Amino acid sequence: MIFDCHCHLCDERYADKAALVLEYEKGGVGACINAAYNLASCYEGERLANAFPSVYFTVGIHPDNPQNATEETLQTLLALSRHEKAVAIGEIGLDYHWTPYDEALQQRAFAAQIELAAAAKLPFQVHSRDAAADTVTVLTQNKSKFSAALMHCYSGSVETAKQLLDLGMYFSFSGTLTFKNAARLREVAKYLPADRILTETDSPYLAPEPFRG
């Protein structure tokens, strides 16, 4: 059975959720995790998990909106995480790609949600873009609070992957692994132990060749 560990069924481009689930099940995907990025997508993930046996979900606040990771919101996320089909906190992390961004605020929101994962006794899914060094730093500072977590859509170097492996991290790759200019990323995939690699689509984003766009 193929298990998609990170996708976005709640994306507005997917109008007919039932048809989408039926399509991926016919294609050999036995189950998937709908990854949240804000509070609304957490509730939608819960709804989809209740509606479809093959759908599981995460709860979390994306690093693009760290100001939304308030104490009140974190308590709401903790309550949602008690659902039997809530399987991770995420996607959380750091994103220094789009300017302006607040590094300190993102790091505080990231650390707070790692603590949330510990309280919920769940793993977490990490989004890291143009922030490899600080991602490793935050994870290292909070290592006592988790035993395993996922680097979703990993795009870093072998050197960073070595550090993350030492922290107990798992890795998943999106369709970017198939891009012609992704030779370095394919070297990372070859380097990683097979038992540390999970399968994701990040659907509807980052489709593989020849389906880009």
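Higher on the page you've got the structure.
Owing to the predicted nature of the structure, the values given are computational and were not obtained by experimental measurement.

Quick notes on the rules
- Residues numbered from 1 in each chain as written.
- Predicted model: local features only at pLDDT ≥ 70, side-chain atom pairs only at ≥ 80, totals over all residues.
- Heavy atoms only, no water.
- Pairing = 2+ DSSP bridges.
- Helix = DSSP H or I, 4+ residues; strand = E, 2+ residues; numbered from the N terminus.
- Axes fitted to C-alpha atoms, helices over the stretch in contact; angles between N-to-C directions.
- Contact = heavy atoms within 4.5 Å.
- Salt bridge = Lys/Arg side-chain N within 4 Å of Asp/Glu carboxyl O.
- Buried < 20%, exposed > 50% of the residue type's maximum accessible area, 1.4 Å probe, protein only.
- Polar contact = N/O pair within 3.5 Å; in protein donor to acceptor, adjacent residues only side chain to side chain.
- Disulfide = S-S within 2.5 Å.

A word on the sheet that holds strand β5 (residues 124–129). Pairing in this open sheet of 8 strands is parallel, and the strands run β1-β2-β3-β4-β5-β6-β7-β8 from one edge to the other. The open sheet is flanked by β1 (2–7) and β8 (197–199), the only strands paired with a single partner. Neighbour-to-neighbour, the strand axes of this sheet turn through a mean angle of 30°, independent of strand direction. Where strand β2 (residues 29–34) meets strand β3 (residues 55–59), 3 bridges bridge the pair, whose relative direction is parallel. Across the sheet, N34 pairs through a bridge with F57, a residue of β3. Along the sheet face, helix α2 (residues 39–51) touches β2 and β3 and points at about 160° away from the line of β3.

The next thing to look at is the pattern of salt bridges. A complete count under the given rule lists 5 salt bridges for this structure. R13 is paired through a salt bridge with D11; the nearest N and O atoms lie 3.0 Å apart. For R13, a relative accessible area of 54% gives the class exposed. Look at D11 and you get buried, because its relative accessible area is 6%.

The topology assignment puts H62 in the loop between β3 and α3 (71–80). Side-chain polar atoms of H62 contact the side chain of H127, separated by 3.5 Å. In this structure, H62 is in contact with Y37, E91, D95 and H127, ignoring residues within four places of it in sequence.

A word on the state of the cysteines. Counted by the stated rule, this structure contains 0 disulfides. In this model C7 remains outside any disulfide bridge; the closest cysteine sulfur is found in C32, 3.8 Å from its own. No disulfide involves C10; its sulfur sits 8.7 Å from the nearest other cysteine sulfur, which is in C7.

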